[in-house]
Amino acid sequence: MPRAAQEAALAEQVVGAEADHYIERSLASAGPAEGVGRIVLEGYRIVSYTEHAAKVEFTTAAVKEQVERAGTTVDVVWQDGDWRMVAPSLETLEGFRVLDSLDGFIEFPR
């Protein structure tokens, strides 16, 4: 995806006080790390939900010789008729947890 398209998509989808910093970090680290292989967004689960906000855990897989699965949780808010991700600060970024399976997740269509 061209960088201008990435910037436009992130600017529309990421909100919050740390949005600009998060977008800069995301664009600077676009693409998989050396030796990681292909990254696939596999599914999600709703951790908590209200009419205006939710916490969603996404699962990704690094596909190389074997599949290595991880989950990370993000906060989203309902804003301007759509769900938007609240950009975490470096201090509040929850990081990843290793997953053995997709049990409990809703898988994205392939």
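Residues numbered from 1 in each chain as written. Predicted model: local features only at pLDDT ≥ 70, side-chain atom pairs only at ≥ 80, totals over all residues. Heavy atoms only, no water.

Undergrad: So what exactly am I meant to see when it comes to the pattern of salt bridges here?
TA: The final tally for this structure, using the stated rule, is eight salt bridges. Lysine 55 is the salt-bridge partner of aspartate 75, the closest N and O atoms lying 2.9 Å from each other. With aspartate 75 in strand β4 (residues 67–79) and lysine 55 in strand β3 (residues 53–63), the pair connects residues that are 20 residues apart, well separated along the chain. On the basis of relative accessibility, which here comes to 34%, the residue aspartate 75 falls in the partly exposed class. Across the salt bridge formed by arginine 110 and glutamate 107, the nearest N and O atoms sit 3.6 Å from each other. Arginine 110 gets classed as exposed once you look at its relative accessible area, which sits at 78%. You can call glutamate 107 partly exposed: its relative accessible area is 45%. Several salt bridges share partner residues, and in doing so they unite Glu42, Arg69, Glu107 and Arg110 into one network. (Salt bridge = Lys/Arg side-chain N within 4 Å of Asp/Glu carboxyl O. Helix = DSSP H or I, 4+ residues; strand = E, 2+ residues; numbered from the N terminus. Buried < 20%, exposed > 50% of the residue type's maximum accessible area, 1.4 Å probe, protein only.)

Undergrad: Please clarify how unusual backbone geometry should be interpreted in this entry.
TA: Where the residue is not glycine, phi is negative for most of them; where a peptide bond is considered, it is trans in most cases. The phi torsion at aspartate 80 lies on the positive side, around 55°, for a residue other than glycine. Along the chain, aspartate 80 turns up in the loop between β4 and β5 (82–86).

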